[in-house]
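Residue-level structure breakdown
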Amino acid sequence: PARRRLAVLSLAAGALCVLGSGLAQAQTPAYRAEYRLSTTLGTAFPWGQAGERWIELVKEKTQGRINIKLYSGNSLVGGDQTREFTAIRQGVIDMSIGSTINWSPQIKELNLFSLPFLMPDYKAMDVLTQGEVGKELFAVLEKRDVIPLAWGENGFRELSNSKRPVATPADLKGMKFRVVGSPLYNETFTALGANPTQMSWADAQPALASGAVDGQENPLSVFVGAKLPTVGQKHLTLWHYVADPLIFVVNKNVWNSWTPADREAVKQAALQAGRENVEKARKGIAGTDNAVLKQIEAAGVTVTRLTPEQRAAFVQATRPVYDKWSRQIGADLVKKAEAAIARR
Ligand code: X2X
């Protein structure tokens, strides 16, 4: 019986060995057949196209080891873009190209880009994302278990409505605007005398079509891509009050499951897709190329460009919101951003 017991024991030990080597194998990269990439806008927009491009470049650079599927419309979080960041942390989403606005409810520092009239032009946006401020924001994301890789762009957000041309805060009085993101947006529109209401992009389009809200704010690429003039958005004001960059990220556990060489490939792919995305987001809008604006005017939309005096009235009306939120974001970070913009 003693010998039999020994035999049983050695059998058990053998089984453990087999199990053990199986575990050892599982510790070498266990790549999944497919990873989920979340975006808000789909492939009719530069944002969704950036997702497609990242996927394509990753596939190419990893020789097909990393396959990604695009889930636009924030479909992995039921269309609720303000829940996206939490879902990335939890692993419901593996990768994302997300707007700073949509993650700002969880990451207060990302409200920086939503401070009204902080960034006067594209150069100002670039010195933030490509400089010290951008690095600091990436460090904040990493502390929250999300690996940031590259910057992209949604764009400067312009104001549209179905009621009348808007050139002064007084013109906004009583108008209902759809906003998204953190309470900063509610406070900005309230300070201007408008009635803001927070809803997802998925809900915004039917709300605009039915007249439940009068207006919205989004980059011109979105205004055109979503065909907002066809749902009565006939008045556009170019006020450049805020702009939202996009950030390419990967869930930390997913990132750690890849070999260092594949991580580098995913990062380089993000940087390239990000650069191409910024270029595309500005096409027809920035500098001397105003093809998108021409298209908008051809659709019968009145385009209002603010004089410096008119712009100053919007800046002044929103200044208390700027000051309050600077403290919430972090006075040091805001000062650093202001200094970088002043030096640009
Ligand atoms: O919902 C919006 O307005 C959009 C599409 O621009 C964002 O996701 C921030």
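Residues numbered from 1 in each chain as written. Predicted model: local features only at pLDDT ≥ 70, side-chain atom pairs only at ≥ 80, totals over all residues.

**A word on the overall build of the protein chain**
As a reminder, the rule being used: Strands are runs of DSSP state E lasting at least two residues, helices are runs of H or I lasting at least four, and both sets are numbered from the N terminus onward. Burial is judged by counting the other C-beta atoms within 10 Å of a residue's own C-beta: 20 or more makes it buried, 12 or fewer makes it exposed, and any count in between marks it as partly exposed, with every C-beta position built from the backbone. Each residue gets a C-beta atom placed from its backbone, and two residues are in contact if those atoms lie within 7 Å.
The number of helices and strands found in the protein chain is 14 helices and nine strands. Viewed in the frame of its principal axes, the protein chain has a C-alpha envelope of about 95 × 40 × 35 Å. Scored against the burial criterion, the 344 residues of the protein chain give a buried share of 43%. Partitioning the contacts of the protein chain with sequence separation of at least 6, the portion at a separation of at least 24 is 75%.

**A few points about the environment of Gln316**
Within the secondary structure, Gln316 sits in helix α13 (residues 308–329). When the 12 C-beta atoms within 10 Å are taken as the criterion, Gln316 is described as exposed. Remark: the alpha-carbon pair of Gln316 and Thr190, spanning 126 residues in sequence, is separated by 14 Å.

**Considering the environment of Ser75**
For Ser75, the position within the fold is in the loop between β2 (68–71) and α3 (84–90). On the neighbour-count criterion, Ser75 (14 C-beta atoms within 10 Å) is partly exposed. In this structure the C-alpha to C-alpha distance between Ser75 and Thr40, which are 35 residues apart in sequence, comes to 8.4 Å.

**Digging into the site of the ligand**
Filter applied, for reference: Near residues are defined by distance alone, with the backbone-placed C-beta atom required to lie within 6 Å of the molecule or strand. Following the grouping adopted for this structure description, the nonpolar residues are Ala, Val, Leu, Ile, Met, Phe, Trp, Tyr, Cys and Pro, the charged ones are Asp, Glu, Lys and Arg, and the polar ones are all others, Gly among them.
In the vicinity of the ligand, the residues found are Thr40, Leu41, Gln81, Ser99, Ile101, Asn102, Asn154, Val180, Trp201, Asn218, Val222 and Asp244. When the residues that make up the shell around the ligand are grouped by side-chain class, the tally is five nonpolar, six polar and one charged.

**Some points on the packing of helix α5 (residues 122–129) against helix α14 (residues 331–343)**
To keep it simple, the criterion reads: Fitted lines through C-alpha atoms give the axes, limited to the stretch in contact for helices. The angle between two N-to-C directions lies from 0 to 180 degrees. Any angle from 65 to 115 degrees is called roughly perpendicular, while one under 35 is roughly parallel, one over 145 is roughly antiparallel, and all others are oblique. The sense of a crossing depends on the near helix, which, turned anticlockwise from the far helix by less than a right angle, makes the crossing left-handed and, turned clockwise, makes it right-handed.
In the contact formed by α5 and α14, the axes pass within 9 Å of each other and the chain directions differ by 130°. As far as their axial angle goes, α14 and α5 are oblique. Helix-helix and strand crossings are classified by hand; for α5 and α14 the assignment is right-handed. Across the interface between the two elements, Ala124, Val127 and Leu128 of α5 pack against Ala337, Ala340 and Ile341 of α14.

**Details of the nonpolar core**
Let me state the cut-off plainly: Definition of nonpolar core: a set of buried Ala, Val, Leu, Ile, Met, Phe, Trp, Tyr and Cys residues joined via C-beta atoms within 7 Å.
One finds Trp54, Val58, Phe248, Val249 and Ala270 to be the most contacted residues of the largest nonpolar core, which totals 86 residues. Ignoring any residue separated from it by four or fewer positions in sequence, one finds Trp54 in contact with Ile97, Phe248, Ala269, Ala270 and Ala273.

**A look at the packing of helix α2 (residues 46–61) against helix α11 (residues 260–282)**
Between α2 and α11, whose axes approach to 8 Å, the crossing angle comes to 150°. One way to sum up the angle between α2 and α11 is to call them roughly antiparallel. As α2 packs across α11, the resulting crossing turns out to be right-handed. Each of Pro46, Gln49, Ala50, Arg53, Trp54, Leu57, Val58 and Lys61 in α2 lies in contact with α11, whose residues at this interface are Ala265, Val266, Gln268, Ala269, Ala270, Gln272, Ala273, Glu276, Asn277, Lys280 and Ala281.

**Some points on α2**
The condition that has to hold: Between the first and last residue of a helix there are one fewer steps than residues, each counted as 1.5 Å, and that sum is the expected span.
In this model α2 runs 22 Å from its N-terminal to its C-terminal C-alpha over 16 residues, within 8% of the 22 Å that 1.5 Å per residue would give. For α2, the set of buried residues is Pro46, Trp47, Ala50, Gly51, Arg53, Trp54, Ile55 and Val58. In the stretch just after α2, Gln63 is the one whose phi turns positive, near 50°.

**With respect to the environment of Met175**
Here Met175 lies in the loop between β4 (146–161) and β5 (176–179). In sequence terms Met175 and Asp214 are 39 residues apart; their C-alpha atoms lie 6.2 Å from each other. When sequence neighbours within four positions are dropped, the list of residues in contact with Met175 reads Asn161, Lys163, Ala194, Asn195, Asp214 and Gly215.

**Regarding unusual backbone geometry**
Even without being a glycine, Lys227 presents a positive backbone phi close to 55°. Among the structural elements, Lys227 can be located in the loop between α9 (220–225) and β8 (235–251). C-beta crowding within 10 Å serves as the criterion here: with 12 such atoms nearby, Lys227 is assigned to the exposed category. Positive phi outside glycine occurs at His240, with the angle close to 45°. Classification of His240 as partly exposed rests on a count of 19 C-beta atoms within 10 Å.

**Remarks on the confidence of the model for the protein chain**
Which entries qualify depends on this criterion: The quantity called pLDDT is the predictor's confidence in a given residue, expressed from 0 to 100.
Summary statistics for the protein chain give a mean pLDDT of 94 and a share of 92% for residues scoring 70 or more. In the predicted structure, residues 20–27 sits below a pLDDT of 50 and forms zero contacts with residues beyond four places in sequence or in another chain. Prediction confidence for the complex, expressed as pTM and ipTM, is 0.92 and 0.99 respectively.

**Quick word on the pairing of strand β1 (residues 35–38)**
What counts is decided by this rule: Between any two strands, pairing holds if DSSP finds at least two bridges. Orient the strands so they point away from the viewer, and a crossover whose first-strand-to-second-strand path over the helix runs clockwise is right-handed.
The two faces of β1 match: Tyr35 and Leu37 on one face and Arg36 and Ser38 on the other face are all buried. Where β1 meets β2, four bridges bridge the pair, whose relative direction is parallel. Note on β2: the bridge partner recorded for Arg36 is Lys69. As for the winding sense of the linkage, the β-α-β connection from β1 through α2 to β2 is right-handed. Both β1 and strand β3 (residues 95–99) contribute to a ladder of two bridges, which runs parallel. Bridging from a neighbouring strand, Ser38 pairs with Ser96 of β3.

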